[in-house]
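# Analysis of the macromolecular model
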Amino acid sequence: MSNPMSSVEPWSLVAEGYAKNTQQFLSEFSLEAARRIAPGPNDVILDVAAGPGTLAIPLSRSVKTIHAIDFSEKMIEHLKAAISETHSHNVIAEVMDGQNLRFPENGFDAAFSMFGLMFFPDKAKGFSEIYRVLKPGKRAAVSSWAPVSRSPLMQLLFGALRAANPEIPPPQTNPASLENPDFFREQFVLAGFTEIEIVPFSHSMEVIGAEEFLETMIEGNAPLQWMKRNMDETTWIEKKEIMLSHLRKNLSDLPVSLSSEAYLGIAKKP
């Protein structure tokens, strides 16, 4: 069965909340990837699955040009608004499929895909397209969430989801996903990359209340928005109350800082 997160609809649905809430939390992962690649002031950068500009907007201040692409028109609308608000006019935002990039080969000085390529239906194509458009000798950074077991924040959220939806199986590592470091490395290798590093990186969110945490997650989390969209209002209210009850029970000592771990994959095109 295909993953709905591989389709455009959930991401367009969550675009506004993502830009408002999720982007702020994810920015630290993007900044760490940028630090590891360290592009220069004359570099032309590719940002695949750019969302509302989590990486592109801050990185634009230190590079020549960023081509930021996403398959969701709604995400690109939010990115264009951010470009205007921050005067980041060296960011070029386009609706584009990361599995079929409309760029010539050997054109970019660095490439990024932060929490995007991990959802591609054809991950091998995503990696090979980044490889194709990257200049020889240059590097790419791709990120993915680590297994839920390594992230207290994700454990809490999945616990609430399963309390409301007992039919959802416990989260398990999919060996054919980027949350498996061996598979992650293999995708880089198959695309032709060398000097591959898969490094863990964690960032924390301070939770000050169950209600605020749940509202933030609902607004900016694509799976939750997708679940809400596919329920009638009465059922959604019931599910939401169960999730809130679970969170209250498991967030008795507040405020609390909860971490989420990702893998940053860094590799070079020889």
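Here we summarise the structure given alongside this text. (Residues numbered from 1 in each chain as written. Predicted model: local features only at pLDDT ≥ 70, side-chain atom pairs only at ≥ 80, totals over all residues. Heavy atoms only, no water.)

Turning to unusual backbone geometry, a few remarks are in order. Along the chain, Leu-254 connects to Pro-255 via a cis peptide bond; the corresponding omega equals -5°. Along the chain, Pro-255 falls in the loop between helix H9 (233–250) and strand S7 (256–268). Of note in the backbone geometry, Asn-106 takes a positive phi value of approximately 60° without being a glycine. As for its position among the elements, Asn-106 is in the loop between strand S3 (91–95) and strand S4 (108–114). Residue Asn-106 is classed as partly exposed on the basis of its relative accessible area, which comes to 34%. Although it is not a glycine, Glu-195 sits at a positive phi angle of roughly 50°. Position of Glu-195 among the secondary structure elements: in strand S6 (residues 194–207). The exposed category is assigned to Glu-195, whose relative accessible area is 57%. (Helix = DSSP H or I, 4+ residues; strand = E, 2+ residues; numbered from the N terminus. Buried < 20%, exposed > 50% of the residue type's maximum accessible area, 1.4 Å probe, protein only.)

Once that is clear, we can look at the packing of aromatic side chains. If you walk through the whole model with that rule in mind, you get 13 aromatic pairs. Measuring from centroid to centroid gives 5.5 Å for Phe-29 and Phe-115, while their planes differ by 90°, and the two rings are edge-to-face. One end of the pair, Phe-29, is in helix H1 (residues 8–37); the other, Phe-115, is in the loop between S4 and helix H4 (123–133), and 86 residues separate them in sequence. The residues Phe-29 and Phe-115 share a single accessibility class, namely buried. Ring centres of Phe-184 and Phe-188 lie 5.7 Å apart, and the angle between their planes is 10°; this geometry places the pair in the stacked category. (Phe/Tyr/Trp six-rings, centres within 6.5 Å; stacked < 30°, edge-to-face > 60°.)

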